[in-house]
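# Structural description and commentary
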Amino acid sequence: MRCPWALWALLLGASVSRTAAAEVHVLETEIKGQPVAVGLYGFASPRFSFQEQDKRETVQFTPNPAFTLFRSRLGVTASLSHRAELRFELEMGKDFTQGMDAYIEGAPLVDKMATVSIRLGQFRVPFSRQNLTSSGSLQLPDPAYFATSKYVVDRDIGAMVIGRFWEDRIRLSAGVFNGNEPGRGQTLNTDGSFLWAGRLEVSPFGTPPAHEGDLRDEKARRKPAVVVGGGAMWNTQEDKHYD
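One structure accompanies this document, and this report is about it. Note that the structure is a prediction, hence the values are computed from the model and not measured.

In a structure, side chains of opposite charge can pair up when their charged atoms sit close to one another. This model, assessed by the stated rule, comprises 15 salt bridges. The partner of E85 in a salt bridge is R87, with the nearest N and O atoms 3.6 Å apart. You can call E85 partly exposed: its relative accessible area is 26%. Here D101 makes a salt bridge to R155, at a shortest N to O gap of 2.9 Å. Note that D101 is positioned in strand β5 (residues 98-109) and R155 in strand β7 (residues 155-165), a separation of 54 residues in sequence. Residues joined by salt bridges that share partners form a network here, namely R73, E89, E91, D101, R124, D154 and R155.

What follows is the structure, given as structure tokens:
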């Protein structure tokens, strides 16, 4: 017997988690006239899930109602003026602690009209805006990926050049990565080829919010936020072909 739609709506509401987040500024000072900052941040996504069981012999989908901790993150950031940034983030809500972000970024060129930086380490592959949005900034528990997981790469180890132009209205990212998704346990480049990725974004009205939904203050919301962008990936790994 199937549950009424009203009950399903209630259960859906109960299963949607709101991320609880916190950020602490540990250090804010100056060294030789250059601002230096160190901060800690974290967020958690607890939720309760109830799914209808399907006991057909060909399916046998019988999940139990459960409370889960979908994400539990703790991270540290450090910055030196606009010239350098370090970020390290851990996921602690799984069976074992896993490194998420771990990179250093330096900017040899910093100007109002053009800023160029180089990022090294493990970080998000610049493909879709959904993939580049932090999990702590999502409106719903899960990202709304437009493609199957076969064509979605979350984080990888590599190097990337980032260009920001015209007061951050134009952003261009291009990087090369191992292509083996270290989040799934592989940190080495085992196939001899690399994953190449790039993304171009244009926001004519200025830098858009770095989260889903418009959570800016009332005055800022009077200014429209528009982003038009596109990304591309290329890899020759046997189970992932983007060319």
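Bringing the packing of aromatic side chains into the picture now. Enumeration over the complete set of coordinates arrives at three aromatic pairs. Ring centres 5.9 Å apart and planes at 80 degrees place the aromatic pair Y103 and F123 in the edge-to-face group. Here Y103, found in strand β5, pairs with F123, found in strand β6 (residues 114-124); they are 20 residues apart in sequence, far enough to count as distant. Of the two residues, Y103 and F123, both sit in the buried class. One aromatic cluster in this structure is built from Y103, F123 and F177. Directly above the ring of Y103 sits R119, whose terminal nitrogen or CZ lies 4.3 Å from the centroid. Over the ring of F123 we find R119; its NZ or CZ atom is 5.4 Å from the centre of that ring.

What counts as what
Residues numbered from 1 in each chain as written. Predicted model: local features only at pLDDT ≥ 70, side-chain atom pairs only at ≥ 80, totals over all residues. Heavy atoms only, no water. Salt bridge = Lys/Arg side-chain N within 4 Å of Asp/Glu carboxyl O. Buried < 20%, exposed > 50% of the residue type's maximum accessible area, 1.4 Å probe, protein only. Helix = DSSP H or I, 4+ residues; strand = E, 2+ residues; numbered from the N terminus. Phe/Tyr/Trp six-rings, centres within 6.5 Å; stacked < 30°, edge-to-face > 60°. Lys NZ or Arg CZ within 6 Å of the ring centre and 35° of its normal.

Any link to function would need more than the numbers given here.
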